[in-house]
Amino acid sequence: PAATFTVSLQLLRDDDNDNAPKRYICAQLRSLKKTTTKAWNRNRLNQLQQDMIHIADTSFDPVVMINEAGTIVFCNEATETLFQRSKDELMGQSMSILCGGGHGDQHQSYIQRYLQTGVAKKMGVRREVLARKADGTEFPVALGLKEIKHEHTPEGTVERLFVSYMSDLSQIRQHEEELEFREREA
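Residues numbered from 1 in each chain as written. Predicted model: local features only at pLDDT ≥ 70, side-chain atom pairs only at ≥ 80, totals over all residues. Heavy atoms only, no water.

Caption draft 1: Fine view of the pairing of strand 4 (residues 138-150). Here seven bridges tie strand 3 (residues 126-132) to strand 4, and the two strands are oriented antiparallel to one another. Its bridge partner being in strand 4, Glu128 is matched across the sheet by Ala142. Counting the residues that bridge the hairpin from strand 3 to strand 4 gives five residues, and of these Gly136 lies at a positive phi of roughly 95°. Pairing of strand 4 with strand 5 (residues 159-168), which is carried by ten bridges, proceeds in the antiparallel orientation. Across the sheet, His150 pairs through a bridge with Glu159, a residue of strand 5. (Pairing = 2+ DSSP bridges. Helix = DSSP H or I, 4+ residues; strand = E, 2+ residues; numbered from the N terminus.)

Quick look at the structure:
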């Protein structure tokens, strides 16, 4: 969509050069176009960012974003439902509160090792791990990790964020156990 605005022009006469007013006006219009285009692009980028947050927030599966310190900076509604914790409880907390199987205490060391070495042992790979609900119940999830480098910080630095995509495997594992039990009984 194009922006609509009013422009007032005043033609100045330069007897020495008849093209001077035209060049000046064209230069001003180009400058105005660049300014409005940048503003429109910023607004569009902000809208796209909001759209992406909305998409992640409405996902059926939990999505959790953490910073380099391992602190939760975003989680969606599915995360609240699956882990039985509100966003208010999760935001600003260490990701380790969602980790089961003894990995909670190790979580920050995993991040630091990756940041120091750049070697991605688990990044970009989907794997099965144990997660932990608010009541301490542990359950299996398929966990996928991705890194996002956010280069639009006010200081001009690069912020590294990590996104966890999870799928609850509890029902699948329960069905597998039931099938194994039936096969043994048969």
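Next comes the rest of the write-up.
Caption draft 2: Focus on helix 4 (residues 107-117). Inspection of helix 4 places His107, Ile111 and Tyr114 among the buried residues, and these make up the whole buried set. Buried residues along helix 4 cover an arc of 65° about the axis, so they all sit on one side. In the core, the buried residues of helix 4 are packed alongside strand 1 (63-66), strand 4 and strand 5. Residue Gly118 follows helix 4 closely and has a positive phi angle near 75°. (Buried < 20%, exposed > 50% of the residue type's maximum accessible area, 1.4 Å probe, protein only. Arc of directions from axis to C-beta. Contact = heavy atoms within 4.5 Å.)

Caption draft 3: Looking closely at the packing of aromatic side chains. Considering all chains together, one arrives at two aromatic pairs under this definition. Measuring from ring centre to ring centre gives 5.9 Å for Tyr114 and Phe162, while their planes differ by 80°; the resulting arrangement is edge-to-face. One end of the pair, Tyr114, is in helix 4; the other, Phe162, is in strand 5, and 48 residues separate them in sequence. By relative accessible area, Tyr114 is classed as buried at 13%. One residue, Lys133, lies across the ring of Phe139, its end atom 5.2 Å from the ring centre. (Phe/Tyr/Trp six-rings, centres within 6.5 Å; stacked < 30°, edge-to-face > 60°. Lys NZ or Arg CZ within 6 Å of the ring centre and 35° of its normal.)

Caption draft 4: Molecular detail of the pattern of salt bridges. Evaluated as defined, the whole model comprises four salt bridges. We note a salt bridge from Glu128 to Arg173, for which the minimum N-O separation is 2.4 Å. With Glu128 in strand 3 and Arg173 in helix 5 (residues 170-185), this residue pair connects regions lying 45 residues apart in the sequence. You can call Arg173 partly exposed: its relative accessible area is 24%. The residue Arg173 makes a salt bridge to Glu176 at a minimum N-O spacing of 3.0 Å. A residue pair is termed a helical-turn pair when its members lie 3 or 4 positions apart in one helix, as Arg173 and Glu176 do in helix 5 at three residues. A network of salt bridges, in which partner residues are shared, links Glu128, Arg173 and Glu176. (Salt bridge = Lys/Arg side-chain N within 4 Å of Asp/Glu carboxyl O.)

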